[in-house]
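Chain by chain, the residues run as shown.
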Amino acid sequence: MFSRLFGQRKSAAPPSTDGRLVYAVGDIHGRSDLLGSLLRELARDAEASAPAQAPLLVFLGDYVDRGPGSAEVVETILETARASSFEVRALKGNHEEALLQFLDDAAFGVTWAEHGGSATLASYGVQPPAARTDLEAWARARAEFDAGLPAHHRDFYSGLELMVEVGDYAFVHAGVRPGVPLARQAEKDLLWIRGEFLQASGPFGKVIVHGHTPMEAPQVTRHRLGLDTGAYATGVLTAARLDDSGQKIIQARAARAAA
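Residues numbered from 1 in each chain as written. Predicted model: local features only at pLDDT ≥ 70, side-chain atom pairs only at ≥ 80, totals over all residues. Heavy atoms only, no water.

Q: What am I meant to see in the pairing of strand β3 (residues 56-59) here?
A: Regular strands have side chains that alternate between both faces of the sheet. Of the two faces of β3, the one carrying L56 and V58 and the one carrying L57 and F59 are both buried. Across 4 bridges, the pairing between strand β2 (residues 22-25) and β3 is parallel. Across the sheet, Y23 pairs through a bridge with L57, a residue of β3. Each parallel crossover has a hand, and for β2 linked through helix α1 (residues 32-49) to β3 it is right-handed. Inspection of the sheet shows β3 paired to strand β4 (residues 87-90) by 4 bridges, in the parallel sense. Its bridge partner being in β4, F59 is matched across the sheet by A90. (Buried < 20%, exposed > 50% of the residue type's maximum accessible area, 1.4 Å probe, protein only. Helix = DSSP H or I, 4+ residues; strand = E, 2+ residues; numbered from the N terminus. Pairing = 2+ DSSP bridges. Right-handed = clockwise from strand over helix to strand, strands pointing away.)

Q: Help me understand unusual backbone geometry in this model?
A: In most cases, non-glycine residues show a negative phi, while peptide bonds are predominantly trans. Residue P203 is bonded to the preceding G202 through a cis peptide linkage, with omega at 5°. Structurally, P203 can be placed in the loop between α9 (195-198) and β7 (207-210). One non-glycine residue, H212, lies in positive phi territory at about 80°. Take H212: it is sitting in the loop between β7 and β8 (219-220).

Q: What should I look at first to understand the environment of A170 in this one?
A: Mapping A170 onto the fold places it in strand β6 (residues 169-171). Considered as a pair, A170 and F204 are 34 residues apart in the sequence and their alpha carbons are 9.4 Å apart. Beyond its immediate stretch of four places on either side in the chain, A170 contacts M163, V164, E165, L182, K206, V207, I208 and V209. (Contact = heavy atoms within 4.5 Å.)

Honestly, it's all geometry; don't read function into it.
Structure follows, in structure tokens:
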């Protein structure tokens, strides 16, 4: 089931996408079921819009952890990129940073598990340690994960971007540090910032489209669009449709979350 919410901007002219039709997808966290449904809806919308060039599809990070289908989410994104109906850009989230850190340091698995990493291991066919503090078991799990991780998935994780800019928009995972030019933003802030960014009124140089902090509803303000609606827990995955005429929110909902 899909729902649409429309964001009304105060300014007379909406932000520009330089003529592109752009879709941005919020945090997925292993909900491959919702991602498949949302992508089908975005494809229908793009076909009806008949843009002059392939629409840009930006994923805002946090593909893995918590939900049951992390590996399937990554495969779906890669398949979407290969299909060439969209130009696909994928951002790095803090949970992808955690996955990469676990590959470098098995002991980090103890922390990763507290934030949903065990679900990611299971999606790749690796049994998470029964005791979270068993470092020898985490070393074995890391070795198994490292050996079994498909090469194209490894390339995906290692090649994720930190920011995508299109016209008047900048797409990041978490947000930006107020008062710092976009070109000088620190990776830590782009992946992790919350309060300082969310409490700031802006402007931020461009309209910031982000995820990272789950909200009950999309956050549509003059200077930012927050698209994380906690899909792994709520069954609601959110995307924004952006073009030179304005903004539209498109959501995929699991049956249990349908109104």
